[in-house]
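As a plain string of letters, each chain reads:
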Amino acid sequence: FNDLYHRFLLSPKPAMKAMCLQAMAIVYGQCYEEIGPFNDTTFIVHKLQKCEDKEERDRLLMFIDKLLFHKKNIKLFLDANGMKILIDLLTLAHLHTTRAYVPTQTNVIEAAPDNEEGGEKEWYFGNRDKEREGPYSFGEMKELWKENTIHQKTRCWAQGMDGWRPLEQISQMKWMLVATGIPLMNESEMAAMILNMMIRMCESYPTRDADGSVIRPLPRAKRMLSDPSTLPHLVQLLLTFDPNLVDKVVILLNNIMQDNPQLPRLFMTGVFFFILMYTGSNILPIASFLEYTHMKQSFRPDEQQQTSDIMVRSILGQLLPEAMVYFLENHGPKKFSSTFLGEFDTPEAIWSGEMRRLMIEKVAVHIADFTPRLQSNTRATYQYCAMPVVQYPQLENELFCNIFYLRHLCDTQKFPDWEIKEPVKVLKDVLIEWKKEVDKKPPEMSVDQAYDALGLATGVGGHEESKVRKAYFKLAQKYHPDKNPDGREIFENVNKAYEFLCSKSAKTTQGPDPDRIVLLLKTQSILFTRCADELKPYKYAGYPMLIKTIERETGDDDLFSKSAPILTAASEVAYHTMNNSALNAEELCRDNGIPILQSAFARCVTVLSLTSTEDDMAVQVCTHISRCYRVSAQFEICREAIIEVLSIVKDLCRVLYYKNLPRLNIVATQTVSVFAVDEWLQTQLLQAGVLWHILLFLFSYDYTLDESGVDTSDETNQQEVSNNLARLSLIAVARLGGFKLNGQESTPFNKTIQNIITNLLTSYISKLIVRHTVNELLKILNSNTENPYLIWDNRTRAELIQYLEAQQQSMIRASECDMSFGEDFRFDVLRDELVIGDIYVRVYNEQPTFVLEDPKGYATALLDFIGSNAQYLHSLMALTSSDVDTSKQGQHASRIQHVEMSLESLYNVIRANPGVEIQCVGHFKLLFSLLRVQGAIKLQTLALQVIASVTTNKSCVSNIADSNVLQYLLIVLLMVPKSEALVLEVLQSLTSNTQIVKESIQKGAVIYLLDQFCNSENPSVREQTAGLFAKMITDKLVGPRVRIIMGKFLPYIFMDAMRDSPEAAVNMFENNQENPELIWNDDSREKVSDVVHTMTVKFFTEQKENPEINWKLPEDFEVVYSQIRGEVEVGGVFLRLFIAQPNWVLRKPKEFLIAILEKLSQLIQSPNPDGETLETVTQAVVCLFTAQPTMADQVPPLGHMPLLFDRMQADQDAIPKSCVEVVNVLAGSEICVRNMTKIQVATPLIAAMKRRPDCVHAAVESINKMVEKGSPELVSQALQSGLVKFLLELLESPLSECDKPSATKAVIAESLKLMEKDLANGETVNELLNKSPVWSAYKDQKHDLFITDNPIAGYLTSGVGGVAGYITAGTGIGASGIPSAPPPLKEPPDDIEGED
């Protein structure tokens, strides 16, 4: 670098110098930190100042640009006065006329100077005679230079210079006339470089330190640039409109003005005029500059022309719309830039390219005398002159308040939710603006006065704007205080006149503007709607003006023909303010607002008609005032005021008449609902006929819309509006009556209104009001429903609607209506329905499963109703000898039918609701007495069903038992056809009670039931009867008596069969039987059936006449059956048939065992028993133990064993044989053998064998069985009694009287061998046997072939027959019902009587 600089200094050639400068710039730019400060910076600056070659100038500038990267070089540069040189060079940019202009967009104005180059005459020079010549334009000065009229030493002057200077020292003349060479940069490029250098110098020395503290004094570079002799030239570069230069100038200005004490006077440079004339789009730095500076200018505004504080304080107030100034202040430079370049039409910004073009034109016109001068004299400086506020035609009809254009803010369709950040401030500004508008007076100055102040002719119409402007500038320059201190007053008048003519004031009408008032009122409504929470703590201060406005508009005769709906807007504000805060509502009331509102309400109600629409002013006013009433009625002080104005309620009800205005009806209905909080208002509403209107709205509901799942809106769907109205009407109805709705606050109970609603909408629906949701209840009202509580269909709905419409019309036209207000209304279509306990009896009988709310209460009501008619029925029965006439033509048919319906309903409610039957306790005399109403079969049947339904309840059964009413039930068996099954069902339940069983015997239940069992043609009835008998027989106290009584009619086996199987009992009765336990045939069946039926009919006749009569059976009565005469029957078993069928399964084998052993004991103890009977009994005993061997184990405990052995020694021949045969079969039981060892058996057996030699075989078999069981006691007895010897003797004898002598001897030999084996006595027996000569012949022989297993074969003569059970076809049928023997070959099988 040093070598290059040395070469630069030594070289005499300009080209070499330029090359060295270029190289030095490159090296220093890259290595300035290593090279360090350049101490000859002052020399380079001096070189630049003296230079007259354009290339050298540019090279020097490029080198200086690099030098300024080092901070110390900046100081050297400033010390060398380099800043002034740069400013002089900077102004040359105005002479660059060949620059490219920014391509314009649709929203940007193309602004280019269209003036002749250097056309303004700015220059003066001194000739050789020292005379001043001029002025000349810059173009003319060029010509004079060419003509050598002027030269380098000629002294020249122009505005902006501090004195006369030689031409060569004037930068513009030097570089445009004197300088030589070809420049490396054009004027704009050079200016851009210079601006970069200035920016770098300013950035190198900031105005704040690292802690953010302001540095004082201001850095030197910034002080120099903000000097009044320098700053204007920087600012005026904006007029080049070169995007690059403008951008850099703005950045430089932003840097210079940070914390600059000169900032408040910046506006004097015209920077705000120039900067807003820029047409490019790179305006973000401009916006940042404007944001920082516009509120910090110390200009003197015309406060009369400005509308707000920001417009007074902002220098931009005269150029931009107030909204744009606010937008810049509130939203920052980025959003401002976006808006400034775009097309916006919002509540906060109305701006477009056309408005920007207009602003630029206005500014251009204002500075039109200055801009051409810069191309003639680049050092010319702008003399600031305030310009009138720019009036934008686009904003001519706009009302701007706070930061909003109210017309757009009030356009809720286009801007529904525009954000309002400071609602309190906005409201305050709106109220101030409203007051200004209301108090508006005519302008202080007229148009003619303004023309006169400007020296223009008056009375000749208007003057063109250009003419007015020229007159203003002429007088303003003449009387400006800076030039003419005595002309301040005239200057101010001129300025005021010019601004007046340029403002809207010259075009406005006198007095308040209705359209502006409407906008202000609408804005307040929007504020209170969107910002209710923020405004709630504040008391509304506009009521005096608001009430005055409403009062004035109400009294205006042209109210409904005005274009500006002030009354609508005012009433809406009244609503929103009251709705926002209780303080506001009470304040309005204290200001006598309620009567004023009612005056407006009444005025508008009178013009409502069936052709009115929602958009009519009268409708809107009524809507808003109704809302006011709705809100105010929440406060007691306001309610008192409403009550005092009686017409409020009447007009409110009249509004409800117009069905063509559903949204108004909605509001009015809501108001009615709120009014219901006061008893007086409830009464006033009722008397005004409110129910006629709101009840009709209930029937406009379409539940299918709510259930459709389709998204709907009341803005687009009229049915949705109707549905909302119906919902609100139902709520209003409920609140008027004091019904408590879910989610609604309670209202005073009003019995009258509740009775009316209950009567009109039915009791059931009135109860549902507090239980169901609104939608559910409305669906019921608008659909057809038939249930026990409600019959609601098209007929009832049409009848009610017809009644309501008639009352509504009468109330509107004549102010008259039904004085009961519907309390006396009755549905004609329901007049024939029987209603008990608020339930339609017919419907409940058709829907018995319907769940009742209070089934017990309903049952009680039914019983009361039946009781009230029972006396009538019994009186009728007493007066009528024949059956009661129940035909539809009968005069008593209706009453009987109602009783029948109530009985059916009682049966249904008991059946569907377990536990309800308890309500019948105490009413059974009534219910059973209905069974006597002869001829009313249906009534009797229904009463019987009711009785049947309660018998499952123990308390009811106990009460029936105490009521002594069983006879009525028994009579029905013969009185009512086909009632048997039900009666039996009832008796089946009742007989669980012993008292009733006892009573049933007294009242003839046994004979009635026997009649059913024997004579009923219905098998199921007979089975039921059998089951009932079985239950009665099992009763512990009375059962035996029942069994005894039945035993007089039927064999006892029937009772046992009934107990075990009613079906089997019926089959036994129906079929012929002959088995060990029953002998039954047709004669038996016919005999008992006839006896029973005759007896039953006789008693029925007596009992029907005297229900208290008791049934008694003669003591000697018994049905005698001929077919069993001569049969031996023991224990219910016919022995003859039992012997024939020993395998018959006995029902009670143990009882039979006991009975037959007792019988046998009696016979063997008798001195002369009947031989045939004894033989039969003995055979039966043998058959019993043979068929059922285990039965023998039960004999010893009965004590008959000793008697059997004792009677073997009887003198009567038949008795020993019988005893031996029985003992023989018992010896097969080990238990019996053990018992025999305890008594003397050997001696009796010896005696029996001696007495009856024919029974020796049976006796020795018995001995063999006993010894075989291994009983040493018996062996001992045999030795002691000589039985061994007796047996040996029998072996020697021929046994001629014995049927089987050989077999008998074999048994004897076997028995002796068994005794021989006895451990205790075997040796003794052996000794005796060895002594006997007979024994040797038998001791070694085998006798197995002689021993038989059928010791009683002689007694079993018939094969094994019989069945297990009660039913048999005779002795030839086995247990399975199959014949025991095959039928004859080639012949069909014989029919077997009684075969199943």
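Values in this document were obtained by computation on a predicted structure and should not be read as measured data.

Re the overall build of the protein
- Scanning the protein for helices and strands turns up 67 helices and 16 strands.
- Referenced to the eigenvectors of the C-alpha coordinate spread, the extents of the protein come out at roughly 215 × 100 × 65 Å.
- Across the 1396 residues that make up the protein, the buried fraction comes to 54%.
- Across the protein, every contact between residues at least 6 apart in sequence was considered, and the portion connecting residues at least 24 apart equals 72%.

With respect to unusual backbone geometry
- The omega angle of the peptide bond from Gly134 to Pro135 is 5°, so this bond is cis rather than trans.
- Within the secondary structure, Pro135 sits in strand β2 (residues 132–137).
- A cis geometry characterises the amide bond from Arg216 onward to Pro217, with omega recorded as 0°.
- In this structure, Pro217 sits in the loop between α9 (187–204) and α10 (220–225).
- Positive phi is not limited to glycine here, since Asp838 has a value of about 65°.
- Note that Asp838 resides in the loop between β11 (835–836) and β12 (839–840).

Quick notes on helix α19 (residues 423–438)
- With 16 residues, α19 should reach 22 Å at 1.5 Å per residue; the first-to-last C-alpha distance of 22 Å fits that figure.
- Listed as buried for α19 are Pro423, Val426, Leu427, Asp429, Val430, Leu431, Glu433, Trp434 and Glu437.
- Where α19 is buried, its residues touch β7 (400–401), β8 (404–405), α23 (514–530), α24 (532–535) and α25 (543–554).

Observations regarding the nonpolar core
- Residues Met198, Leu320 and Phe1049 are the most contacted members of the largest nonpolar core, which totals 388 residues.
- Considering each element in turn, this core owes the most residues, 11 residues, to α9.
- Once you skip the residues sitting within four places of it in the chain, Leu320 turns out to touch Leu276, Met311, Val325, Phe336, Phe340, Trp351, Met359 and Tyr392.
- Core analysis: the second largest hydrophobic core is formed by 78 residues, Val1267, Ile1308, Leu1312 and Tyr1338 among them.

A word on the sheet that holds β2
- The antiparallel open sheet is built from 4 strands, whose spatial order is β2-β1-β3-β4. Two strands in the sheet have a free side with no partner beyond their single neighbour: β2 and β4 (165–166).
- Judged from the 2 bridges that link them, strand β1 (residues 121–126) and strand β3 (residues 155–157) form a sheet pairing that is antiparallel. Residue Tyr124 lies in a different strand from β3, and its bridge partner there is Trp157.

Details of helix α50 (residues 1005–1015)
- Where burial is concerned, most of α50 is hidden: 10 out of the 11 residues are buried.
- Those residues of α50 that fall on the buried side of the exposure criterion are Ala1005, Val1006, Ile1007, Tyr1008, Leu1009, Leu1010, Asp1011, Gln1012, Phe1013 and Cys1014.

Thoughts on the packing of aromatic side chains
- Using the criterion set out here, one finds 45 aromatic pairs in the structure.
- Judged by centre distance (5.0 Å) and plane angle (65°), the rings of Phe1054 and Trp1080 are edge-to-face. In this pair, Phe1054 sits in helix α53 (residues 1052–1060) while Trp1080 sits in strand β14 (residues 1078–1080), placing the two residues 26 residues apart along the sequence.
- Aromatic rings pair up to connect Phe1, Tyr5, Phe8, Tyr28, Tyr32, Phe38, Phe63 and Phe69 into one cluster.

Quick notes on the confidence of the model for the protein
- Taken residue by residue, the protein gives an average pLDDT of 85. The fraction at 70 or more is 91%.
- A low-confidence stretch, residues 104–115 (pLDDT under 50), is modelled with 27 contacts involving residues beyond four sequence positions or located in other chains.
- Under a pLDDT of 50 for its full length, residues 1346–1396 has, in the predicted model, 80 contacts with residues more than four places off or in other chains.

Concerning the side chain of Ser929
- Here Ser929 lies in helix α44 (residues 924–929).
- In terms of polar contacts, Ser929 uses its side chain to reach the backbone carbonyl oxygen of Leu926, at 2.6 Å.

Details of the environment of Thr1190
- Among the structural elements, Thr1190 can be located in the loop between α58 (1171–1187) and α59 (1201–1206).
- Residue class for Thr1190 comes out exposed when judged on its relative accessible area of 56%.
- Spatially, the C-alpha atoms of Thr1190 and Ser1229 are 7.7 Å apart, while their sequence positions differ by 39 residues.

With respect to the environment of Ser352
- Looking at where Ser352 falls in the secondary structure, it is placed in the loop between β6 (350–351) and α17 (353–366).
- Judged by its relative accessible area of 13%, Ser352 is buried.
- Measuring from C-alpha to C-alpha, the distance between Ser352 and Phe340 comes to 7.6 Å, with 12 residues separating the pair along the chain.
- The contacts of Ser352, once residues within four sequence positions are left out, are Gly342, Glu343 and Gln394.

Some remarks on the packing of helix α52 (residues 1039–1047) against α53
- Where α52 contacts α53, the two axes come as close as 8 Å, and the packing angle between them is 130°. One element, α52, and the other, α53, form an angle in the oblique class. Crossing hand, α52 versus α53: right-handed. Contacts between α52 and α53 involve Arg1043, Ile1044, Met1046 and Gly1047 from the first element and Tyr1052, Met1055, Asp1056 and Met1058 from the second.

Section: the pattern of salt bridges
- Counted under the stated rule, the structure contains 46 salt bridges.
- The partner of Lys435 in a salt bridge is Asp439, with the nearest N and O atoms 2.9 Å apart.
- The partly exposed category is assigned to Lys435, whose relative accessible area is 47%.
- Salt-bridge contacts for Arg1136 lead to Glu1074; the nearest nitrogen and oxygen are separated by 3.8 Å. Separated by 62 residues along the polypeptide, Arg1136 in helix α56 (residues 1135–1140) and Glu1074 in strand β13 (residues 1073–1075) bring together distant segments of the chain.
- Arg1136 gets classed as partly exposed once you look at its relative accessible area, which sits at 42%.
- Note on Glu1074: relative accessible area 38%, which makes it partly exposed.
- Within this structure, Arg1043, Asp1056, Glu1077, Arg1147 and Lys1148 form a network of salt bridges that share partners.

Scoring rules and cut-offs
- Residues numbered from 1 in each chain as written.
- Predicted model: local features only at pLDDT ≥ 70, side-chain atom pairs only at ≥ 80, totals over all residues.
- Heavy atoms only, no water.
- Helix = DSSP H or I, 4+ residues; strand = E, 2+ residues; numbered from the N terminus.
- Buried < 20%, exposed > 50% of the residue type's maximum accessible area, 1.4 Å probe, protein only.
- Contact = heavy atoms within 4.5 Å.
- Expected span 1.5 Å × (residues − 1).
- Core = buried A, V, L, I, M, F, W, Y, C linked by side-chain atoms within 4.5 Å.
- Pairing = 2+ DSSP bridges.
- Phe/Tyr/Trp six-rings, centres within 6.5 Å; stacked < 30°, edge-to-face > 60°.
- pLDDT = per-residue confidence, 0-100.
- Polar contact = N/O pair within 3.5 Å; in protein donor to acceptor, adjacent residues only side chain to side chain.
- Axes fitted to C-alpha atoms, helices over the stretch in contact; angles between N-to-C directions.
- Parallel < 35°, antiparallel > 145°, perpendicular 65-115°, else oblique.
- Left-handed = near helix turned anticlockwise from the far one by under 90°.
- Salt bridge = Lys/Arg side-chain N within 4 Å of Asp/Glu carboxyl O.

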